[in-house]
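# Overview (structure and organization)
Now for the letters of each chain:
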Amino acid sequence: MGAAPARCAPRLEAAAEVRDLAEEFALDEQILSAVLDYVCRTTGLLIREDRCYRLAKACRPYHRVAFHLEKFLGAYGPAVARTDEVLQDPGTGPALRDLNALARAFGQLQPHTPSLTAQVLQAWDVTSLLDLGCGAGTLLIELASADPRFQGYGADAGQDMVRVANDRIHRAGLGHRLQVVLGDVRALGELTALPASEDVQALHGRSIMNEFFAGDGSSAIGVLAGLKARFPGRLLFLEDYYGRLTHDSPADGSHGHTLAQDLAQVLSGQGVPPLDLPGWAGVYQEADCTLVKAYEGDNDGVAWFIHVVAL
Ligand SMILES: C[S@@+](CC[C@H](N)C(=O)[O-])C[C@H]1O[C@@H](n2cnc3c(N)ncnc32)[C@H](O)[C@@H]1O
């Protein structure tokens, strides 16, 4: 299965005929019919009602099913499908990640507002922010919509992400207060369009730091050290997850979602992030940064956190 059936997923929350789905998503009806029939017969994901398919009852309340399908099948599916190749030549992994599918997955997210992130940033009275790996600009738009004083900047390495973010910003009428540029956080020196350190009160990065743990994790330390050199003394709000695969963690069966994310990370050349707070704190320390506060929780089988780090 690939990205196209994943795009149909939100429509399958209610019963839908194959013919209608094929027309709506410009897919071949006969092939789509065979794919859905296969999924229905071999997994518990779909049920068939007459000529219609719909998500099985157990899947319907699952939070953000379309997002997860697009992310795991669309963005990471190609790397998982070629596990043999990646095992023999790990260098092929990063190029197998489909960043356009990742952009589509994050672009369709409609978070509940106020999001937890926004609440945390507001509690720290943050009114200007640089969002690293800002994706579709979701957080920046939320913050600017909630506070007329807010000024935001974003940087993302995905061309499609930057386009999606700027489209959304302009549609929201926030172009005068938000600005998103194309850029790689590993090469901050080349990013001339970034704001000056005195123009941003804080930095934020959600689901970006976990990308830099392949090998010995020195790449994560390098990114933090680069941020510290460019934005000394600023607070960095890092939102991410505690990894499990290859760490000495109990097999408690409640973190299936984390294991899937870890595997996708490994096969696409990102590595598994540290297991716990001391593990992450060690990374901050290596980069000469200080952990100031940690918010932690467990949701959908993922142990997540927001760390406040002083650069
Ligand atoms: C998992 S998405 C999260 C997006 C957004 N932060 C959110 O939570 O909605 C990670 C984002 O980081 C971007 N990214 C990955 N590597 C990057 C890098 N080296 N520099 C800048 N952005 C990067 C990706 O293009 C993607 O948009």
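Thresholds, definitions, all that
Here the residue numbering is sequential within each chain, running from 1 through the sequence in written order. Two thresholds apply to this predicted model, a pLDDT of at least 70 for residue-level local features and 80 or more for giving and counting side-chain atom pairs, whereas whole-chain, interface and lining totals are computed over all residues. Side-chain metrics in this entry use all non-hydrogen atoms of the structure; hydrogen atoms and water are not considered. Helix and strand definitions here come from DSSP, where helices need a minimum of 4 consecutive H or I residues and strands a minimum of 2 consecutive E residues; each element is numbered from the N-terminal end. Our radius of gyration is a C-alpha quantity, and the globule rule it is checked against amounts to 2.2 Å times the number of residues to the power 0.38. Burial classification: accessible surface area is computed with a 1.4 Å probe over protein chains only, and a residue below 20% of its type maximum counts as buried, one above 50% as exposed, and the rest as partly exposed. Only heavy atoms enter the contact rule, under which two residues are in contact if any of them lie within 4.5 Å. What sets the accessible areas is the Shrake-Rupley method with a 1.4 Å probe; for residues, cover comes only from the shown protein chains. Put simply, a residue is near a molecule or strand once any heavy atom of it comes within 4 Å of that molecule or strand. As a working rule, the residues Ala, Val, Leu, Ile, Met, Phe, Trp, Tyr, Cys and Pro are called nonpolar, Asp, Glu, Lys and Arg charged, and the rest polar, with Gly in that last group. Where each domain starts and ends comes from a domain assignment, either automatic or drawn from a database. Defined here as a combined quantity, buried area equals the accessible surface (1.4 Å probe) lost by two parts on assembly, summed across both. Salt bridge, as used here, is a side-chain nitrogen of Lys or Arg placed within 4 Å of a carboxyl oxygen of Asp or Glu. Whenever two N or O atoms come within 3.5 Å, that pair is a polar contact, provided that in protein one can donate a hydrogen and the other can accept it, and provided that, for residues adjacent in sequence, both atoms are side-chain atoms.

## Notes on the overall build of the chain
Looking only at helices and strands, the chain has 14 helices and 10 strands in total. Computed over its C-alpha atoms, the radius of gyration of the chain comes to 20 Å, within 12% of the 19 Å expected for a compact globule of 311 residues. Dimensions of the chain, computed from C-alpha atoms along their principal axes, come out at roughly 60 × 50 × 35 Å. Within the chain, the proportion of its 311 residues that are buried is 47%. Considering only intrachain contacts with a sequence separation of at least 6, the fraction spanning at least 24 residues in the chain is 66%. Accessible surface, the chain: about 15,000 Å² in total, of which carbon and sulfur atoms supply 52%.

## Some words on the site of the ligand
The environment of the ligand is formed by 17 residues, the closest being G133, D156, D184, V185 and R206. Contact with the protein chains removes 95% of the 590 Å² of surface that the ligand exposes when unbound. Tallied by class, the residues present in the shell around the ligand amount to 7 nonpolar, 5 polar and 5 charged.

## A short note on the domain arrangement of the chain
According to the domain assignment, the chain contains domain 1 (3–105) and domain 2 (106–310). Each of domain 1 and domain 2 was reduced to a C-alpha centroid, and the two centroids are 27 Å apart. Taken residue by residue, the interface counts 22 residues in domain 1 and 17 residues in domain 2. Buried area between domain 1 and domain 2, both sides added, is near 1,800 Å², and the carbon and sulfur share of it is 59%. Its largest share of buried area at the contact with domain 2, domain 1 owes to F72, Y76 and A103, together 25% of the area lost on that side. For the pair domain 1 and domain 2, the interface holds 1 salt bridge. The interface formed by domain 1 and domain 2 contains 3 residue pairs in polar contact (both at pLDDT 80 or more). Elements supplying a minimum of two residues to the side of domain 1 that touches domain 2: helix 4 (65–75), helix 5 (77–81), helix 6 (83–88), helix 7 (93–96) and helix 8 (99–107).

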